[in-house]
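Examination of the molecular architecture
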Amino acid sequence: MMSFRAQGPGLALFLLLVASRMNALKPYIDLLSTYLRPQRNRMTALAVLLAATIGLQLLIPQILRSFIDSAIGVTGTHLFGLPLATLALVFIGAALLQQVTSVTATYVSENVAWTATNRLRADLAAHCLNLDMPFHNTHTPGDMIERVDGDVSALANFFSQFVIKLGANAVLLIAVVALMLREDARVGAVLLGFVIVAIAVLVSLRKITVPLWRAERDAFSEYWGFIEERINGTEDIRSLGAERYTLHRLDTLYNRAFRAIMRSSFGGNAAVNTTFLLFTFGMASSLAAGAYLLTQGALSLGAVYLVFHYANLMQQPINEITRELEGVQQAAASIGRIRELTALNPLVKEAAPSAPPPGADHALSVQFDNVSFSYGETLTLSGISLSVAPGQVLGLLGRTGSGKSTMARLLFRLYDVSGGAIRVDGVDIRQLKFDDLRSRVGMVTQEVQLFHASLRDNLTFFDREISDERILRVIDELGLRGWFDAQPHGLDTELQAGGSGLSAGEAQLLAFARVFLRNQRVVVLDEATSRLDLASEKLIERAVDRLLAGHERTLIIIAHRLSTVQRADAILILEDGRIAEHGARAALAADPRSRFSQLLRTGAHSELLES
């Protein structure tokens, strides 16, 4: 007979409630109730399927017992008094029904588990996106992937396998022992003792083998981490002649991993062999007990078969229970990491809007009113006050670390000011919804983020409301028609993550296209041309001309080259987080005592930035 194999979280809440103390189980219960409650109908259907599967597994041996006894003429054991031919048909029907219910339960349970965990993944991803920049600055993308996907995948296995396998197989074991005690107290007592001894032995073996498996995973984790790191650094390794050291270190790590896998394989094989011997002894004991009771007339031949079958049926549940107990620690660790992540709250919070959003069809003013900001205890900006009129262009200059990019991040509310206020069109940005603010303020940086997706999705950021006709108009405006016509599939052309295959100038122009498509009215150019050659910079300058046409946008240029700010109406120079100079560009250029005038005479702005 097929052993119970249905997987899923159908009985999870009940089994967890009766398994241990409520306080210890609260994290499990909270997750289960949160992500399984919306699937009540599926879980009800799953509970029915699981009950049917267990019932059929217990019923089928009873049918065979009746068939055997009926065939040899033993009276009083016929199931419902059915004749032999009918028993055969009932057996076939029950066996087929058991397979159907098992497969259906597996499908439903996996569907429930993955629906729940995919919702959990989405919630965690959204939570991470809403956390502040300090969080993202201290957590690598690999760590985030491991938390959002790795931990949740481990939890999915817990939901869909551990809980239900433990619970259902425990129910099956209890039912088998109860039926055997009802059939014959002596046989039932033997099977009950065997179950207790088997579980105790297998749990002890798992305690020995689990550390060996963990050591193996740790060794291979270090091994693959070393390979990834060295592949990424191939150019440096070859240029510095470190090939021999790298190969020697690789050989050392592989030998360590090999020894770890040998130890874990030996421990695993020892556990498997012990399990095989244990159940061989159990089967032999059940046969011996059945044969003895048969000779004594206490059991019929059909009943002896029933004992043997139920003893064999217990092997899979016991194996599953002991195997899945290993998942408890991993699930607990994953839940702990998930709870740790969800307990983090963003410092920059979206308050209920208390002011109408600025208009979206005209240039907007920007004001910094005595703004100060610090990263932790380090003061980055102090007493910044300035006003950029609608349609004006501000050139923002300063050394590296003077606070230029910090001002842009504050304008986007990636951070909140420590003191003072920032206003867009006279409205404090803390009174605006994030969407209202960021649909009106855009940024083009020197590092353009491109996704492994279609050209259309890279331009629209997956906004399906932007029509292809509008995208093509923007492409023409930015002078990208020649490049676009060379793409093999037009807007459906797949771009590679990171923009491989695009020049730096083309990637920057795509970033400008995003601003045009979203029609943002305040645009920050954060050293957008610092890494471009002169030809590409001319294309960007043309895009900036289109951006400023008709004075429909306010522009803040964080500049790397003096040529970039020649179009600016005003210049602001930062030094150590404070305003060193601020005024009209033409007036500062004409004043020989101004810093900007000195930069123009010496052409030393690049040195200013790098010093």
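Residues numbered from 1 in each chain as written. Predicted model: local features only at pLDDT ≥ 70, side-chain atom pairs only at ≥ 80, totals over all residues. Heavy atoms only, no water.

1. Comments concerning helix H18 (residues 504-518)
Look at H18: 22 Å from first C-alpha to last across 15 residues, which is about the 21 Å you get at 1.5 Å a residue. Three or more residues of H18 are buried, namely Gly505, Ala507, Gln508, Leu509, Leu510, Ala511, Phe512, Ala513, Arg514, Val515, Phe516 and Leu517. At the exit of H18 stands Asn519, carrying a positive phi of roughly 55°. (Helix = DSSP H or I, 4+ residues; strand = E, 2+ residues; numbered from the N terminus. Expected span 1.5 Å × (residues − 1). Buried < 20%, exposed > 50% of the residue type's maximum accessible area, 1.4 Å probe, protein only.)

2. A word on the side chain of Ser597
With respect to the helices, strands and loops of the structure, Ser597 is situated in helix H21 (residues 595-602). The exposure class assigned to Ser597 is buried, which follows from its relative accessible area of 4%. Within polar-contact distance, the side chain of Ser597 engages the backbone oxygen of Asp591 at 3.3 Å. Setting aside anything within four residues of it in sequence, one finds Ser597 in contact with Leu588, Ala589, Asp591 and Pro592. (Polar contact = N/O pair within 3.5 Å; in protein donor to acceptor, adjacent residues only side chain to side chain. Contact = heavy atoms within 4.5 Å.)

3. Details of the environment of Leu394
Secondary-structure assignment places Leu394 in strand E3 (residues 393-398). Taking the C-alpha atoms as reference points, Leu394 and Ala584, separated by 190 residues in sequence, lie 9.1 Å from one another. Once residues lying within four places of it in the same chain are set aside, the contact partners of Leu394 are Leu386, Val388, Leu555, Ile556, Ile557, Ala568, Ala570, Ile571, Leu572 and His582.

4. Remarks on the pattern of salt bridges
Tallied over the full model, the rule gives twelve salt bridges. Note that Asp416 is salt-bridged to Arg413, the shortest N-O span being 2.7 Å. The exposure class assigned to Asp416 is partly exposed, which follows from its relative accessible area of 23%. A salt bridge links Arg595 to Glu575; the shortest N-O distance between them is 2.2 Å. Here Arg595, found in helix H21, pairs with Glu575, found in strand E9 (residues 570-575); they are 20 residues apart in sequence, far enough to count as distant. One salt-bridge network, held together by shared partners, links Arg456, Asp468 and Asp492. (Salt bridge = Lys/Arg side-chain N within 4 Å of Asp/Glu carboxyl O.)

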